[in-house]
Structures are given as C-alpha cells and as structure tokens.
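Survey of secondary and tertiary structure
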Amino acid sequence: MNIKIAYLYDDLMNLYGEIGNVNVLKYHLDKLGINAEVFKFSVEDDVDIDLYDVFIIGSGTEYNQDKVVRDFIQYKDKIKTAIENGKVFLCTGNSIELFGNTITDSYGSINKGLGIFDFTVKHSKQRIVDDILFEFPEIGKSIIGFQNQEGFIENYEFNLFNVIRGFGGNTNITKEGIHYKNFFGTYVLGPILARNPYFLEYFIKCIIESKDKNYQLKPIDLELDKKAYNNIMERHYPKYL
Amino acid sequence: MFFSILIGKFLVFIGKILHKGSSKPGEVVLKMKKDFFKNIKLPKKVIAVTGSSGKGSISTMIAEIYRKSGFTVAHNSKGANLNSGIATLLLENCNLRGKIKKDVLVCEVDERFAKYLFKDIKPNYVVITNICRDQPPRQGNVDIVYEEIEKALDEGMHLILNADDPYLQKFTFADFDVTYYGMDKNKYSYEKNKFDSLNIYYCPKCGRKLKYNFYHFETLGDYTCENCSFKRPKPNYTVTDVDYDNSIITMNGKYKLHVPFAILYATYNTAAAFTMAALDELPLDKVVEAINESKTNTKINNSYMYQERKVNVLSNKNENSTTFNQSILFTKREDKERVILIGWKEISRRYVYYDLSWLYDIAFENLNDQYTQKVYCVGENGYDIAVRMKYAGFDEKKIAYYEKLEDAVSDLKNNTTGDIYAIVNFDYVEPFNNLMMVGDKNEH
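What counts, and where the lines are drawn
Residues numbered from 1 in each chain as written. Chains lettered and ligands numbered in written order. Predicted model: local features only at pLDDT ≥ 70, side-chain atom pairs only at ≥ 80, totals over all residues. Helix = DSSP H or I, 4+ residues; strand = E, 2+ residues; numbered from the N terminus. Rg over C-alpha atoms; globule rule 2.2 N^0.38 Å. Contact = placed C-beta atoms within 7 Å. Buried ≥ 20, exposed ≤ 12 C-beta atoms within 10 Å, placed from the backbone. Pairing = 2+ DSSP bridges. Axes fitted to C-alpha atoms, helices over the stretch in contact; angles between N-to-C directions. Arc of directions from axis to C-beta. Right-handed = clockwise from strand over helix to strand, strands pointing away. pLDDT = per-residue confidence, 0-100. Core = buried A, V, L, I, M, F, W, Y, C linked by C-beta atoms within 7 Å. Domains from an automatic or database assignment. Parallel < 35°, antiparallel > 145°, perpendicular 65-115°, else oblique. Left-handed = near helix turned anticlockwise from the far one by under 90°. Nonpolar A, V, L, I, M, F, W, Y, C, P; charged D, E, K, R; others polar.

1. Some remarks on the overall build of chain B
Helix and strand counts for chain B stand at 13 helices and 17 strands. At 23 Å, chain B has a C-alpha radius of gyration in line with the 22 Å of a compact globule built from 444 residues. Overall size of chain B, expressed as C-alpha extent along the three principal axes, is 65 × 60 × 40 Å. Taking the intrachain contacts of chain B between residues at least 6 apart in sequence as the baseline, contacts between residues at least 24 apart amount to 70%.

In structure tokens:
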C-alpha cells in the first residue's frame, strides 16, 4: 500500500510542534510495511489535491493564518471533494478556522474561508489558554493536549470530542472539534497524535481503511507511547484514566 | 512624589536589612503614585535591553562596560524586569526629589512590559535581542511579542539589532536609527537548513520565500529576497572570527573578546554589548577589558572533566525550542562518542500547564547519529521525552527513562562511555552538577 501525506503550509502553520503529527504517522506507516511519503506544500507551490491521501495542517500566528487562507481558498472545491470522498484530514489549532465561511480578526477585518463547514470565526485579544482533557467517544478514551487560541467558532455544533476540561464550542460548551467522514479538526494544538496513542491507533486505522477496507493491519507498536500517556493521566487526571 | 519616594526608599532599606531583594518597593510606590515613572528625572543616558532571550546577559555586560569606562550605573542586575522591578531600581538610585544619581541607567525590560515603560523612561538606545518561541501560555506567539515591542518604540530611540535575524528587520520598516551587529560566515556556518518549524521563511517586506547564502542557526544567517530589495543589512560591527576552542571571538577584525561559553548566543550577546558601547563611542580598549573580565553567564553553561570524559552542561529554557536547538548544534560540533541526558524538574515555574508541544519543535533528529550511544530521558516527563526520542528515530534500546535524576546519573556514570552532554532545563543544571561531583570531587 502507498500512502501520500500532504503536510500543508508547513512553513507558516507550524507554531506548536505539528510536524510531530506528520513524523509519527510516517514512522508507524513505515513500520507497518506501508510505503508512506510526506510532501510539504506552501503558498508558493501548486498542489494537485487529488494525488494525496492524508492532509495535515497545524496552527499558525494570526499573521500567517491570514497569508494561508488567501492561498488555500484556491483549492476550495478540490478540498471539498477530497473530504466528501473520505480522504483523511487532521487540522489542529487555528487551522480548523480555515474551513469555515469567514474569519474576522481582532481588528474587525474579514477574510473568506473555504466555506466547507457552515461557521464563522471571530478573533479577540482575549486568548483562551488551558490544558485540555477531552473524551473521544468513538473509542472512549481521553485526549490530552493544550489550547492557546485567539479565535473561536460561532454557531456550530461541534461533535469530535466531549469536553472534560478546556474550552468547547460556544453553541454547546460540552463538545469540541469537527468530525465529518474522515475529517478531524480541533483547536487542540500540536502533536496530538504523538501524545495520544489510542487516538493515533484509531487515526492510523482510518487512513488504512480509507485506502483499503480489507487490509490486514499488523499491531502498532505503541508501548512506550502508552506508558507516557498513562503517566500523564495518572499524575494529572487519575479519575479519567 | 516626595512622600512616595520616601516610603519606597524606606521599603528598599527594610528589604536590604532583611536581605530580601524584591520588586515590592516599586510595586507599593506604583500603587501610591501612578505617574511615578513620569516624575523621575532620568540621567542623560538610558539604555534598555529587551527581547525573548539574552536580556539579562547583555544588560549585565553593558553595565559592566560602562562602569569600567568610568561611569556610575544603575542596573536591574537581579533581573526584576517588570514595571515594579524597574520602579524599585529607580527608587534605589534616586534622591528624594526623584533625580537618578547615576550617569547611566541600564534596564533589562520584559518584552511584554516595554510598552508601559518606554513611554516614560524613553531610552536613548534599545537593544532588541531576538524574538523566539518562548512560554506560549504567557506570550501567545512571536508575532504578538513583536507587536508588543513595536508599540513601545518611539522616534528618537536608537535601535541595536542583529543583522543576521530576518525577523527583527520588521522593526526597521519604521524610521528608526539602527546600528547592526552580525557575524561573518565561519567554519560553523552551514548551507542547508537543519531545523524545522521556524518563525520566518518569507520576506517580511514582499512575502516571497527568503533565500540563504549560509546559516548560522535556525533563521539566522545571510538571507536575501530575490523579489525585492530586502536582504541582510551590512552589520556596523561584525564578528569576523570565532575560535570556540579558546572561547574567543574577534570583532571587526581586531578586537579579541572572551565569550563566557563557546556557544552561539554567547557570541551574539557579547557582540550586542560591544556594539552598544562602540556606538556610544566608549574607549574600545576599556570595552574589551570589561568584556574579558565579565562574569556573565559562567554559571549557566559549563564544561568539565569526569574521569577522562568531557561533560558539557547546557542550560535551556523549557517551552523555548530555540534554546534546545542551540544546544543540539553545540552537541553536534564534535564527532565523538557521546551520551546525552535530557530532562527537567518542572515544565514551568510560572504556571501550572503541562503543554509539551514545543518538544516537537526541537530538532532532536539531528542527534540521532552514529556517535550518540544513549539518551537518558529524565524527570516527571521522562516518558514524554522518550517518546519524542523514539520519533526522532532513536532505536528504543538507546533510550533510557528515569524518573529520578540521581538514578539516571548513576547509570550514566557506571554503564556508559564517551563524552556527556546534559541538555537540560535550567532547573536541572545545579542538581546535575552536584550529582556529577558525588564521589568524584577531585576530578571536578
């Protein structure tokens, strides 16, 4: 099996170690005997969206996000088709905002988003900063990570995670993130896959199934990752382990 | 004002008796007298040093240089760099009418507080060291820090900037007098970028991708935009040669300066302090003398021998990938068998967050070569560090996890060979050094 990973805007949306997600996927796909290739694209490149199986975008400064959304919008239809066709997306931090209708920055100027999901984004100078503990209901496991954002999504029913600690949506504060087909978008920052081995396992299966539903997957070696995860859970959130 | 100063001075006096240097007197006086800063009569020379890192070292070196050159100097040498700390510094150095009794005021200023202080303190010279990823829960991100510093700047302030840093050039788009320091290409420079997830890849003027003739580190180097006129400015004061074996750098081809530790940021810090003094036309022989006698930084990083093995202790700041990347570049200098220890007591002493995303901004992959025999991942987050090493490509057999530093050091001493690199947060420097000394006092 060949898997092509597109790491989008790696030189602009890279504020919180998002490259970790890319490296972790590449590491495990290689170990599983799958030929995984990573391609980096940014504002000066032309991307043939159809060629890739997995898309990863991280978080950026507001200045960089602005630069990115103006470029990304040219791929609007292709990205929409890719999502509808079950291609896998992982969007962390403020990259989730790119997929809504508009982004209004803290000075009031408005940028158009891709309009794939029906929401608007507002930025304010009051940042939301906290450790998060969410539950991923698909596997009944907790997600650990961090939020540090100046934007929030208005009027959208989040559905990816259940909020235990941290900031959810403003329509329903008990939920966070967007899960649609194989699109995963969350304000959780950075290397979410590296820190959450159960989610990583689920995510890898998603990628494989998106290519071949009958593929016989070998076990994924996450022993060390699970020790690290359990250690954090025992120290900080023993009730939720 | 008189009354506020009297109270403030009394609190400074009490603090001295109790041996408690703190920013409390300033805090109290600022509450009593909101326009305290406005009413202070400042000396003719006010020098501020701000930016993400290096403020303490550079401002200390500048203060030492001015003293050596015959000036009296007020300096917040203990690093109390917020409003209250600066107010305390002024209280310590003013008379009851609010007049500063020193020739020069040298302030290390927190990058988020410059905007409050500069409007009244009005420094003649502002050294902006760098803006790097640092404490995101507190700082947000680099662009926010840039905006905060920019708000503080005003006409009449003369900026001292690193020419090798493209990000800092954003400050020059407004009409300031700027003096640059920088470093020529040398044997430690390289041509292909070694780090991921950096702060600036595109021209801050026109937005096109920057090209590099060479790099010194991360985004520092000789950059140019092929689309517009933006390029590395020619430094007024240049590090023309580095001799890290003897910890000596040469400025402008003739001034030999001792650097406290043979690492890049010590070079830039020294160059910044030299540039400030040269710009102010201090006698350069005194400047060289002051720098060469400077005590700055010697406690931060150090090298010593442990039973024929060289030990390098590299102090880093958690939540600041740049400091770790710097240590990685240092570690890679020698192609010799080595073991590495990475760890910390706590992620932050300022707040209770457990964010570790910055671990993935650090290019640990560079250390995964034939020379690294083992990586000790130590402390409360030892497992998290170990996972990071796994994804940096280290064979899991080479990764050791220890919760306790003493257990890790004991294993490292007894079961490994080769040079030792401790790439640790600053809170592990002293404990590590102490453990290395146990049972081996003569060797240290």
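2. Let's talk about the overall build of chain A
Of regular secondary structure, chain A possesses 6 helices and 12 strands. Relative to the 2.2 N^0.38 estimate, which gives 18 Å for 241 residues, the radius of gyration of chain A is 17 Å and therefore close to what a compact globule would have. For chain A, the C-alpha atoms occupy an extent of roughly 50 × 45 × 25 Å along the three principal directions. Counting the 241 residues in chain A, one finds 48% classified as buried. Counting only contacts in chain A whose residues sit at least 6 apart along the sequence, the fraction spanning at least 24 positions is 68%.

3. Describing the sheet that holds strand β3 (residues 54-57) of chain A
Strand pairing within a sheet occurs via backbone hydrogen bonds; the two strands may be parallel or antiparallel. Residue and element names in this part refer to chain A. One open sheet accounts for 6 strands, arranged β2-β1-β3-β4-β12-β11; its pairing is mixed. Both edges of this open sheet fall to β2 (35-41) and β11 (178-180), since each of them pairs with a single strand only. Across the sheet, the mean angle separating the axes of adjacent strands is 10° when strand polarity is ignored. By the bridge criterion, 7 bridges tie strand β1 (residues 2-8) to β2 in an arrangement that is parallel. Pairing of K4 across the sheet is with E37, part of β2.

4. Comments concerning the interface of chain B and chain A
Counting from both sides, the interface comprises 27 residues of chain B and, opposite them, 32 residues of chain A. Residue contributions to the side of chain B that touches chain A peak at 6 residues, all from helix α11 (residues 382-391) of chain B.

5. Re helix α2 (residues 62-72) of chain A
Residues spaced three or four apart along an α-helix point in a common direction, a consequence of the helix completing one turn every 3.6 residues. Of the positions making up α2(A), those classed as buried are A:E62, A:N64, A:Q65, A:V68, A:V69 and A:F72. Viewed end-on, α2(A) has its buried residues packed into an arc of 145°, placing them on one side of the element. On its buried side, α2(A) packs onto β5 (102-104), β6 (110-112), β7 (120-136) and β8 (141-154) of chain A together with α7 (142-152) of chain B.

6. Comments concerning the environment of B:T219
Within the secondary structure, B:T219 is located in the loop between β7 (210-217) and β8 (220-225). For the pair B:T219 and B:I200, spaced 19 residues apart in sequence, the C-alpha separation works out to 6.9 Å.

7. Side note on the pairing of β1(A)
All names here are of chain A. The element β1 is largely enclosed, with a buried count of 5 among its 7 residues. Note that the unit made of β1, helix α1 (residues 19-31) and β2 has a crossover that is right-handed. Two strands pair when backbone bridges link them, and β1 and β3 are joined in this way by 3 bridges, in the parallel orientation. Within β3, the position partnered with Y7 by the bridge is I56.

8. A short note on the confidence of the model for chain B
The share of residues in chain B with pLDDT of 70 or more is 98%, and the mean pLDDT across the chain is 93. Overall fold confidence for the complex sits at a pTM of 0.94, while the interface term, ipTM, reaches 0.96.

9. Focus: the sheet that holds strand β11 (residues 255-258) of chain B
Residues and elements named next belong to chain B. Taken in spatial order, the 9 strands line up as β2-β3-β1-β4-β5-β6-β9-β10-β11 in an open sheet, and their pairing is mixed. Lying at the two open borders of the sheet, with one neighbouring strand each, are β2 (73-75) and β11. Each adjacent strand pair in this sheet contributes to an overall mean axis angle of 20°, direction not counted. Of the strand pairs in this sheet, strand β9 (residues 237-243) and strand β10 (residues 248-251) are connected by 4 bridges, and their pairing is antiparallel. When the bridges of β10 are listed, D241 appears paired with T250.

10. So, unusual backbone geometry
Most peptide bonds adopt trans geometry, and most residues besides glycine take a negative phi value. All names here are of chain B. Positive phi, close to 50°, is recorded for S197, a residue that is not glycine. Inspection of the secondary structure assignment puts S197 in the loop between β6 (177-183) and β7. Of note in this structure, E281 is not a glycine but carries a positive phi near 55°. Following the sequence through the fold, E281 ends up in the loop between α8 (264-279) and α9 (284-293).

11. Concerning the nonpolar core
A:I5, B:I62, B:A273, B:I342, B:Y376 and B:C377 are the most contacted members of the largest nonpolar core, which has 203 residues in total. Residue contributions to this core peak at 10 residues, all from α8(B). When residues of this core are assigned to domains, at least three fall in each of domain 1 (43-79 + 101-293) and domain 2 (302-437) of chain B.

12. Side note on the packing of helix α12 (residues 405-415) of chain B against helix α13 (residues 429-437) of chain B
All names here are of chain B. Viewed as axis vectors pointing N to C, α12 and α13 meet at an angle of 45°, and their least axial separation amounts to 10 Å. Considering their axes alone, α12 and α13 lie oblique with respect to each other. Helix-helix and strand crossings are classified by hand; for α12 and α13 the assignment is right-handed. Of the residues in α13, those touching α12 at L405, E406 and V409 are P431, F432, L435 and M436. Residues that form the contact of α12 with α13 fall into these classes: 6 nonpolar, no polar and 1 charged.

13. Observations concerning the domain arrangement of chain B
All names here are of chain B. Along its sequence, chain B is organised into domain 1 (43-79 + 101-293) and domain 2 (302-437). On a C-alpha basis, the centres of domain 1 and domain 2 stand 28 Å from each other. Across the boundary between the two partners, domain 1 contributes 17 residues, which contact 18 residues of domain 2. Sorting the residues of the side of domain 1 that touches domain 2 by element identifies α6 (136-139) and α8 as the ones contributing at least two each. No other element matches the 3 residues that α6 contributes to the side of domain 1 that touches domain 2. Split by residue class, the side of domain 1 that touches domain 2 holds 8 nonpolar, 3 polar and 6 charged.

14. What about the pairing of β3(A)?
Residue and element names in this part refer to chain A. Across the two faces of β3 the burial is the same, with V54 and I56 and F55 and I57 all buried. Bridging between β3 and strand β4 (residues 88-92) involves 4 bridges; their strand directions are parallel. Within the sheet, the bridge partner assigned to V54 lies in β4 and is V88.

15. Quick word on helix α3 (residues 76-84) of chain A
Residues and elements named next belong to chain A. Along α3, the residues classified as buried are I79, A82 and I83. For α3, the arc enclosing every buried residue in end-on projection is 100°, short of the 170-degree limit, so these residues lie on one face. Those residues of α3 that are exposed and angled more than 90 degrees off the buried face are D77 and E84. Elements that come into contact with the buried residues of α3 comprise β4, β11 and β12 (183-186). Trailing α3 by a residue or two, G86 shows a phi angle of about 85°, which is positive.

16. Some remarks on the packing of helix α6 (residues 223-236) of chain A against α11(B)
Orientation of α6(A) relative to α11(B), taken along the N-to-C sense of each, is 150°, at an axis distance of 8 Å. Between α6(A) and α11(B), the crossing angle belongs to the class labelled roughly antiparallel. Between α6(A) and α11(B) the crossing geometry is left-handed. Counted together, A:L224, A:D225, A:K227, A:A228 and A:N231 of α6(A) and B:Y383, B:D384, B:A386, B:V387 and B:K390 of α11(B) form the full contact between these two elements. Residues of the contact of α6(A) with α11(B), tallied by class, amount to 5 nonpolar, 1 polar and 4 charged.

17. Focus: the environment of A:H28
When you line up the elements, A:H28 lands in helix α1. Separated by 167 residues in sequence, A:H28 and A:R195 place their C-alpha atoms 14 Å apart.

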